[in-house]
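What follows is the residue order along each chain.
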Amino acid sequence: MLVVMQEGAAEESVQRVIDRLVTMGFTVHRSTGTSHTVLGGVGPMDNFEPAEFEVMEGVKECHRIVSPYKLANKRFRPQGTVVEIGKVKIGGPEVVMMAGPCSVESEEQISLSAELVAKAGAKVIRGGAFKPRSSPYSFQGLGEQGLKMLRAAADRNGLLVVSEVMDRSQIALLSEYSDILQVGARNMQNFNLLRDLGLARKPVLLKRGIAATIEELLLSAEYIMSGGNYEIMLCERGIRTFETATRNTMDISAIPVLQQLTHLPVLADPSHGVGKRNLVAPMARAAVAAGADGLLVEVHHDPEHALSDGAQSLYPDQFAELMGQLRGIAAAVGRSV
Ligand code: PEP
Ligand code: MN
């Protein structure tokens, strides 16, 4: 349930409401907006009467949240969440571009990648060091060695890093090198991982599972938020349907749907969404037009020799060209790139 405090409500009034919620058995999550404080109570809903709270001093209104996700609900933070990492703000007016290879493969590859994506205007470099591959015989990533190369290349070019954490045992290591912890599609419902990420003090990029509904994606975000980590970005990356013309079916509609349901920033990954290089730019343009707060795009300096996902990786000049197109589209929808 949600208790919305009046504008400028005294701290003692807020505390009285928190104490009462706690006495009733609720766990209280606090969201402090520019005008209103919102208290989210998670717990037993029987015997609970919103009117009892509405008469308390400093309370504006109180609602039951009927959706199964409470903290990820738009009503918990109607002003929206902006994930701020250094100078980069995800969820604000700028559409934040995250780009780079699928996997970190070598010092030379990641250095070239960082240079080229930074030059084109990306703010974050992507690159997996732990790779979830369908086959155990495929390249599995360079592990910590890859993370070191990625971090150094990012720092040389003033970029942030996003890299995938596949298992809860890797959270500490990833946190050392990466600014954003990516949870891959295959791990969206790894609930032990999500719970531990709730205790981590790093922003999380949570990808939609290959067969997950939007509600399931939001419930996975709720797992992380219920542990106290509210710094989450959701990412649409295509879902599995009966269609075989593309690797996945890019669900562009998920972007505005999520933005109606949640305050969390919504990103799109057109590369995994379609799996084919020549279809990535149209889907990237569509995602920005649909209101995405950022994109995750695979780019490789030599896609023919990439160790993973070469077929969907853009050539450097294709990425630069796409960035130019996105600037025009972002401006048309009141954003910037
Ligand atoms: C990736 O970003 O390289 C990746 C493995 O993505 P997904 O989890 O969406 O398949
Ligand atoms: Mn990939």
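1. Focus on the site of ligand 1
Now for step 1: Close contacts around ligand 1 come from 13 residues, with Arg-126, Ala-185, Arg-186, Lys-207 and Arg-237 the closest.
Now for step 2: Lys-131 is positioned with one of its side-chain polar atoms (N or O) 2.9 Å from an oxygen atom of ligand 1.
Now for step 3: Within the backbone of Ala-185, an N or O atom sits 2.7 Å from an oxygen atom of ligand 1.
Now for step 4: Within the complex, 97% of the 300 Å² of free accessible area of ligand 1 lies under protein.
Now for step 5: In the shell around ligand 1, the residues fall into 3 nonpolar, 3 polar and 7 charged.

2. Quick look at the domain arrangement of the protein chain
Now for step 1: Under the domain assignment, the protein chain is made up of domain 1 (2-66) and domain 2 (83-332).
Now for step 2: On a C-alpha basis, the centroid separation for the pair domain 1 and domain 2 is 36 Å.

3. Some words on unusual backbone geometry
Now for step 1: Positive phi is not limited to glycine here, since Asp-309 has a value of about 55 degrees.
Now for step 2: Structurally, the position occupied by Asp-309 is in the loop between strand E14 (294-298) and helix H11 (316-332).

4. Describing the sheet that holds strand E3 (residues 37-42)
Now for step 1: As summarised here, the arrangement of the 4 strands in space is E2-E3-E1-E4, forming an open sheet in which the pairing is antiparallel. Looking along the sheet, the strands with just one partner apiece sit at the ends: strand E2 (27-32) and strand E4 (59-63). In this sheet, adjacent strand axes meet at a mean angle of 20 degrees when their direction is disregarded.
Now for step 2: Pairing geometry for E2 and E3, over 6 bridges, is antiparallel. Within E3, the residue paired with Ser-31 across the bridge is Val-38.

Here is what the cut-offs are and how they apply
Residues numbered from 1 in each chain as written. Chains lettered and ligands numbered in written order. Predicted model: local features only at pLDDT ≥ 70, side-chain atom pairs only at ≥ 80, totals over all residues. Heavy atoms only, no water. Near = heavy atom within 4 Å. Polar contact = N/O pair within 3.5 Å; in protein donor to acceptor, adjacent residues only side chain to side chain. Areas by Shrake-Rupley, 256 points an atom, 1.4 Å probe, with all protein chains shown as cover. Nonpolar A, V, L, I, M, F, W, Y, C, P; charged D, E, K, R; others polar. Domains from an automatic or database assignment. Helix = DSSP H or I, 4+ residues; strand = E, 2+ residues; numbered from the N terminus. Pairing = 2+ DSSP bridges. Axes fitted to C-alpha atoms, helices over the stretch in contact; angles between N-to-C directions.

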